[in-house]
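# Structure at a glance
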Protein chains: 2
Amino acid sequence: MIIKLNLLLISLFIISSCSSNLSEKSDKLNFIVVFVDDMGYGDLGSFGHPTINTPNLDKMAYEGQKWTQFYSASSVCTPSRAALLTGRLPIRNGMIGSTTRVLFPNSKYGLPDSEITIAERLKENGYKTVAIGKWHLGHKKKYLPLQHGFDYYFGIPYSNDMDKINGETCCPGKQYWQKYQNQRPESINYNVPLIENNDIIERPADQTTITKRFSSKAVEFIKNNKDDNFFIYLAHNLPHTPLFVSDDFLGKSKRGLYGDVIEEIDHGIGLIIKELKKNNLDNNTIIVFTSDNGPWLPFESHSGSAGLLREGKGTTWEGGQRVPGIFWGAEIKPGVISGLGSTMDIFPTLLEMSNISIVNNRIMDGISMKNTLLNHEPSKRETIFYYRSREIYAVRHREFKAHFIVQGSYDYPKGSDKKIILEKPLLYNLNIDPSEKYNIADKNPEILNEINTIIENHKKNLNPPKDLLLDMDW
Amino acid sequence: MIIKLNLLLISLFIISSCSSNLSEKSDKLNFIVVFVDDMGYGDLGSFGHPTINTPNLDKMAYEGQKWTQFYSASSVCTPSRAALLTGRLPIRNGMIGSTTRVLFPNSKYGLPDSEITIAERLKENGYKTVAIGKWHLGHKKKYLPLQHGFDYYFGIPYSNDMDKINGETCCPGKQYWQKYQNQRPESINYNVPLIENNDIIERPADQTTITKRFSSKAVEFIKNNKDDNFFIYLAHNLPHTPLFVSDDFLGKSKRGLYGDVIEEIDHGIGLIIKELKKNNLDNNTIIVFTSDNGPWLPFESHSGSAGLLREGKGTTWEGGQRVPGIFWGAEIKPGVISGLGSTMDIFPTLLEMSNISIVNNRIMDGISMKNTLLNHEPSKRETIFYYRSREIYAVRHREFKAHFIVQGSYDYPKGSDKKIILEKPLLYNLNIDPSEKYNIADKNPEILNEINTIIENHKKNLNPPKDLLLDMDW
């Protein structure tokens, strides 16, 4: 009897100490969106990579939800980021270019002020909001994160290979690979600014310590805002080439420099989770982890792997837009989810999970994943549009993907950049044939018809505004 | 003080109830080796497949060890099985053929009596031993499992596509694919015998229920032998084509018939673990899960996927011989292991884990993995030989793999079967470049020299006996 009573007391004590922190806080969740750059579908242990060691992300995938058919809204950087932050296809706000595919240091525009970001809606609802890392939605002050709903910004305004100096070469076809196979890139060759809020604080940014600094900033933000609700947008600018790691991680991975970079990012996520747990915030914080597009294959061993998927960054094959999707924390019900998801779904999902309404004076492309995250209900998303150069190259509907235009990217391999408007569309069943090998168009004309109808309906409400990536200042 | 004392009492009670079963048993472990047929490196959720749902194997991989650079000793069936069961390269015992690659229903020979199998050594040490599933080491009585150390056998003697009747076609290039794309294969077209011990009990074996029956036999064997030490060799004959599933699993997987088959195997493993736990045997039983070789790619959507690896079954590219390796149970320390391992290592590992000596009057190719399994010590294996047609086509030493001969397989794609003896070997760093894309031979002549020395030394002690796969009775 004494034992029983004491057990009860012990249990009560444990329960009360576990929940004490929660009960003092609002019913809203905290959110951390980790968005990495050019990491492929196959670059995490839990997504099948043999030699990149990602214990923290693997644990998140196992304890939370691993989404295996999760898509970025674009196969390149700027439109992909615009889509995640606004929940809308970039064709709706000018953030996808007809010829220029991303913003550059001399680009004239950025994400329009009229767009509403996740951060804006959360900030309006009392959240502390921070953007850490790569922005790439306009480098001029009026386009920077502080003007898009973030309380604080620490990061670089565009890609880490831009603003080349000293005759540095960056890109496929320009001997980057020949130069760097056995040599580390140097920050000094890229005149990339590091910005805090609206001001440049370091130029060129020391990229060797940048991943570490971004992770630390996230940890610090959690520590300083643990009594408020917070939203952290942590957009690492790596593993986009040129690759940089801190000395702590150099040579750590069997996978070489690319693996070192991923392992440093993974390590940082471990520190973030540790900080959450230390403050009893893991039960009311959700971490989302994903990538902006597939691997930049021409960089060969300095690029990632799309695993079993075809092609990579820049293309509308699966390797270009399908990315790892990991959702962890709070009440997420563990499991592997093979329903469709999109980075655009993050916006409505986060808002719905904290009972915040979505502004509804505009077309949203995101669809809330809440019921899948909490109860494994089937994903409501049925369609993925694969846009390139403001055109629909391909459409996935349920398991079927039709290609109407095919094109390689970065002229890798040589000659592959030719745009081919197909007379007969290609059709693949991606559930059965994720590598897009076996064309089944001939036997399924009714599915192609269905997809054509979907495209017609989609275009009815589109009215794309001006291409904002085209104009340059100089 | 009362609380403390009571807590101590409770703890002691918990500890004693957990270990009560163990203390009554010998210090030897039980072993279950699950060996599937033609499943690719990329066909499990935990190895990156997006739409094959393998919760039981994923859980094993997460709770136990997931080996990401684990190899079969051959890219086809018969030599692969001989190697696993004997811990020796098949070139040492005639189980690899110069022209005929596996045993057929009219083959004259089988695994020689002089060979010692894992089962024999364990049986000599008091284990109850059972072989369930595909044997493929000789269909004649004198070669069957009962004559190789097993107390009981229930399974088919060769591949499930052999003994074709009714004009059935089986093989790539013979329109199997065109016929079966939208149709289930039928058992009646393959006159495969189901054998219990040494007798045929069913012919043709009903293959639709065969996976289910094999799993049940394993569960039953655990139940009936729970008070003894046991060794179960569960060699599913699927997902080798033609693919069969029970009605319970037909249409269950998003991946189609191939996925249904894998999910039925995974389900059976769940039943085995359930039975182990029910009998408190999970703490002293080790389950090993692996595949005999890579996916049989010409069967297209009826074949599996090698994930990010190049090529598949029949070739000495990574997709032919690298397979998932999962080790679960007892005191195995959880983790992802990217050190080298081989199916041949299973023999010495199991024996060492139960303190049973290896017979040492012969050359063993297996190397114990015990210290890696228990303590994450680096794997002792440094070399993988890729044999085909009794020749060394390729050798991996540490991270480097040299190809001396390259050849496709099954003439898929058309014309790929041509054997090319390379004037200049190809060299890949598999840790950095698992897909074998970037030849680094020119820059690393010293590594090629080292590998050539390894081959010379290896050949000194080889003395290959007669090719036992060549001769046929009719």
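Residues numbered from 1 in each chain as written. Chains lettered and ligands numbered in written order. Predicted model: local features only at pLDDT ≥ 70, side-chain atom pairs only at ≥ 80, totals over all residues. Heavy atoms only, no water.

### Considering the overall build of chain A
Spelled out, the test is: By the criteria applied, helices consist of DSSP H or I runs no shorter than four residues and strands consist of E runs no shorter than two, each listed in order from the N terminus. Two things to know: the radius of gyration comes from C-alpha atoms, and the globule rule equals 2.2 Å times the number of residues to the power 0.38. The positive count covers Lys and Arg only, the negative count covers Asp and Glu only, and His and the chain ends enter neither. By convention, the point assigned to a charge is CZ for Arg, NZ for Lys, CD for Glu and CG for Asp.
When helices and strands are tallied, chain A shows 11 helices and 14 strands. Over its C-alpha trace chain A gives a radius of gyration of 22 Å, about what one expects of a compact globule, namely 23 Å for 474 residues. A principal-axis box enclosing the C-alpha atoms of chain A has dimensions of 80 × 55 × 45 Å. The positive charge centre, built from 55 side chains, and the negative charge centre, built from 55, are 1 Å apart in chain A.

### Some points on the sheet that holds strand S12 (residues 391-397) of chain A
All names here are of chain A. The line we're drawing: Being paired, for any two strands, means DSSP has found at least two bridges between them. To get an axis, fit a line to the C-alpha atoms, keeping to the stretch in contact for a helix; angles then go from 0 to 180 degrees between the N-to-C directions. Working rule for contacts: check all heavy atoms of both residues, and any pair within 4.5 Å makes them a contact.
Strands sit in the order S11-S12-S13-S14 across an open sheet of four strands; the sheet is antiparallel. Edge positions in the sheet fall to strand S11 (383-388) and strand S14 (420-429), since each has one partner strand and no second. Across the sheet, the axes of successive neighbouring strands diverge by a mean angle of 15 degrees, strand direction being ignored. The sheet contact formed by S12 and strand S13 (residues 400-406) spans four bridges and is antiparallel. Bridge pairing links His-397 to Phe-400 in S13. Helix H11 (residues 445-460) contacts S11, S12, S13 and S14 of the sheet and is inclined by roughly 125 degrees relative to S12.

### Regarding the interface of chain A and chain B
In plain terms, the rule: Put simply, buried area is how much 1.4 Å-probe accessible surface two parts lose in total, over both of them, once they are put together. Should a side-chain nitrogen of Lys or Arg be within 4 Å of a carboxyl oxygen of Asp or Glu, the pair is scored as a salt bridge.
The partner chain B presents 40 residues to the 40 residues of chain A that form the contact. Approximately 3,400 Å² of surface area, both sides summed, lies buried where chain A meets chain B, with 57% of it carried by carbon and sulfur atoms. When the buried area of chain A at its contact with chain B is split by residue, Pro-50, Tyr-62 and Tyr-438 of chain A rank highest and sum to 19% of it. Between the two partners, chain A and chain B, sit zero salt bridges.

### Things to note about the layout of surface pockets
Here is the rule we go by: We place a 1 Å grid over just the protein atoms. Points where a 1.4 Å probe fits but has no way out form a cavity, open points with protein on both sides within 12 Å along at least 5 of 7 lines form a pocket, and any residue with an atom within 4 Å of a point lines it. Grid points are joined across faces, edges and corners, and a volume is the space filled by probe spheres set on the points. Nonpolar residues are Ala, Val, Leu, Ile, Met, Phe, Trp, Tyr, Cys and Pro. Charged residues are Asp, Glu, Lys and Arg, and all others, Gly as well, are polar.
Approximately 1,100 Å³ is the volume attributed to the largest pocket. Residue lining of the largest pocket: 45 residues in total, with Gly-307, Leu-308 and Leu-309 of chain A together with Gly-307 and Leu-309 of chain B positioned closest to the centre. The residue makeup of the lining of the largest pocket, split by class, is 19 nonpolar, 13 polar and 13 charged.

### Regarding the pairing of strand S11 (residues 383-388) of chain B
All names here are of chain B. So the rule is basically this: The classification of residues rests on relative accessible area computed with a 1.4 Å probe and restricted to protein chains. Under 20% of the type maximum is buried, over 50% is exposed, and intermediate values are partly exposed.
Most of S11 sits inside the fold, with six of its six residues counted as buried. Going residue by residue along S11, you find Thr-383, Phe-385 and Tyr-387 tucked away on one face and Ile-384, Tyr-386 and Arg-388 tucked away on the opposite face as well. Across six bridges, the pairing between S11 and strand S12 (residues 391-397) is antiparallel. Its bridge partner lying in S12, Thr-383 is registered against His-397.

### Considerations on the relation of the copies chain A and chain B
What counts, and what does not: Superposing copies: least-squares fit, C-alpha atoms only, residues required to have pLDDT of at least 70 in both.
Overlaying chain A on chain B yields an RMSD of 0.0 Å, the required transformation being a rotation through 180 degrees with an accompanying axial translation of 0.0 Å. Interpreted geometrically, this transformation is the action of a two-fold axis. A shared interface surface links the copies, since 100% of the contact residues of chain A are contact residues in chain B too.

### A few points about the packing of aromatic side chains
How we decide: To pair, rings of Phe, Tyr and Trp, with the six-membered ring standing in for Trp, must have centres within 6.5 Å; the planes then decide the type, stacked if under 30 degrees apart, edge-to-face if over 60, and tilted in the middle. The criterion for a charge sitting over a ring is simple: Lys NZ or Arg CZ within 6 Å of the ring centre, and within 35 degrees of the ring normal.
The full count for this structure, using the stated rule, is 35 aromatic pairs over all chains. Between Phe-70 of chain B and Phe-327 of chain B, the ring centres sit 5.5 Å apart and the planes meet at 80 degrees, which makes this aromatic pair edge-to-face. Placement of Phe-70 of chain B in strand S2 (residues 65-71) and of Phe-327 of chain B in strand S9 (residues 322-329) is noted, with a sequence separation of 257 residues between them. Given the relative accessible area of 0%, Phe-70 of chain B is considered buried. An aromatic cluster is present here, built from Phe-35, Trp-135, Phe-150, Tyr-153, Phe-231 and Tyr-233 of chain A joined pairwise through their rings. Lying across the ring of Trp-296 of chain A, Lys-313 of chain A places its NZ or CZ 3.6 Å from the centre.

### Considering the packing of helix H6 (residues 210-224) of chain A against helix H7 (residues 257-278) of chain A
Residues and elements named next belong to chain A. Quick note on the threshold: Throughout, the term roughly parallel applies to angles under 35 degrees, roughly antiparallel to angles over 145, roughly perpendicular to angles from 65 to 115, and oblique to all others.
In contact at an axis separation of 9 Å, H6 and H7 are set at 10 degrees when each is read in the N-to-C sense. Relative to H7, H6 is oriented roughly parallel. Seen from H6, the contacting residues are Thr-211, Lys-212, Ser-215, Ala-218, Val-219, Ile-222 and Lys-223; seen from H7, they are Glu-264, Ile-265, Gly-268, Leu-271, Ile-272, Glu-275 and Leu-276. Partitioning the contact of H6 with H7 into residue classes produces seven nonpolar, three polar and four charged.

### Details of the pattern of salt bridges
When charged atoms on two side chains of opposite charge get close, those side chains can pair. For the structure on display, the rule yields 48 salt bridges over all chains. The residue Glu-391 of chain B makes a salt bridge to Lys-419 of chain B at a minimum N-O spacing of 2.4 Å. Placement of the pair is Glu-391 of chain B in strand S12 and Lys-419 of chain B in the loop between strand S13 (400-406) and strand S14 (420-429), with a sequence separation of 28 residues. Here Glu-391 of chain B falls in the partly exposed class, since its relative accessible area comes to 29%. Sharing partners across several salt bridges, the network here consists of Asp-37, Arg-81, Lys-134 and Asp-292 of chain A.

### Observations regarding unusual backbone geometry
The amide bond that connects Thr-241 of chain A to the next residue, Pro-242 of chain A, takes the cis arrangement and shows omega of 0 degrees. By the secondary structure assignment, Pro-242 of chain A is in the loop between strand S7 (230-235) and H7. Residue Pro-413 of chain B follows Tyr-412 of chain B across a cis peptide bond; omega there is -5 degrees. Mapping Pro-413 of chain B onto the fold places it in the loop between S13 and S14. With a phi close to 50 degrees, Ser-389 of chain B is a non-glycine residue in the positive phi region. As for its position among the elements, Ser-389 of chain B is in the loop between S11 and S12. Positive phi is not limited to glycine here, since Arg-398 of chain B has a value of about 50 degrees. Of note, Arg-398 of chain B is situated in the loop between S12 and S13. Look at Arg-398 of chain B and you get partly exposed, because its relative accessible area is 43%.

### Regarding helix H11 (residues 445-460) of chain B
Residue and element names in this part refer to chain B. Rules: One less than the residue count of a helix, multiplied by 1.5 Å, gives the span that helix is expected to have. By arc we mean the arc of the directions from the helix axis to the C-beta atoms, nothing more.
Between its first and last C-alpha atoms H11 spans 23 Å; for 16 residues at 1.5 Å apiece the expected length is 22 Å, and the two agree. Regarding H11, the residues found buried are Ile-447, Leu-448, Ile-451, Ile-454, Ile-455 and His-458. Looking straight down H11, one finds that the buried residues subtend no more than 115 degrees of arc, so they occupy a single side. Looking at H11, the residues exposed on the side facing more than 90 degrees away from the buried face are Glu-456 and Lys-460.

### Considering the packing of helix H2 (residues 55-63) of chain B against helix H7 (residues 257-278) of chain B
The packing of two helices is summarised by the inter-axis angle and the distance between the axes. Residue and element names in this part refer to chain B. Where H2 contacts H7, the axes come no closer than 7 Å and their chain directions differ by 55 degrees. One element, H2, and the other, H7, form an angle in the oblique class. Counted together, Pro-55, Asn-56, Leu-57, Lys-59 and Met-60 of H2 and Asp-266, His-267, Ile-269, Gly-270, Ile-273 and Lys-277 of H7 form the full contact between these two elements. Across the contact of H2 with H7, the residue classes tally to five nonpolar, three polar and three charged.

### Considering the side chain of Ser-187 of chain B
Residues and elements named next belong to chain B. Within the element layout of this structure, Ser-187 appears in the loop between helix H5 (176-180) and strand S5 (194-196). Ser-187 gets classed as buried once you look at its relative accessible area, which sits at 12%. Once residues within four sequence positions are removed from consideration, Ser-187 is found in contact with Pro-204, Ala-205, Asp-206, Gln-207, Thr-208 and Phe-244.

### Quick look at the pairing of S12 of chain A
Residue and element names in this part refer to chain A. Here S12 lies mainly inside the structure; six of its seven residues are buried. Linking two consecutive strands that pair antiparallel, namely S11 and S12, is a turn of two residues; a positive phi of about 55 degrees is found at Ser-389 within it. Count of turn residues in the S12/S13 antiparallel hairpin: two residues, of which Arg-398 carries a positive phi of about 50 degrees.

### Some details on the domain arrangement of chain A
All names here are of chain A. The test is simple: Note: domain ranges come from an automatic or database domain assignment. Pairs of N or O atoms are called polar contacts if they sit within 3.5 Å, as long as, within protein, a hydrogen donor faces a hydrogen acceptor (for residues adjacent in sequence, only side-chain-to-side-chain pairs).
Along its sequence, chain A is carved into domain 1 (27-378) and domain 2 (386-460). The centre of domain 1, based on its C-alpha atoms, is set 26 Å off from the matching centre of domain 2. Counting residues at the interface gives 29 residues for domain 1, matched by 25 residues for domain 2. Between domain 1 and domain 2 lies a buried interface of about 2,400 Å² when both sides are counted; carbon and sulfur atoms form 55% of it. Area buried by domain 1 at its contact with domain 2 is led by Ile-91, Thr-316 and Trp-317, which between them contribute 24% of it. Counting across the interface, domain 1 meets domain 2 through one salt bridge. If you look at where domain 1 meets domain 2, you find 13 residue pairs in polar contact (both at pLDDT 80 or more). Elements represented by at least two residues in the side of domain 1 that touches domain 2 include exactly strand S2 (65-71) and helix H8 (318-321). Split into classes, the residues belonging to the side of domain 1 that touches domain 2 amount to 13 nonpolar, eight polar and eight charged.

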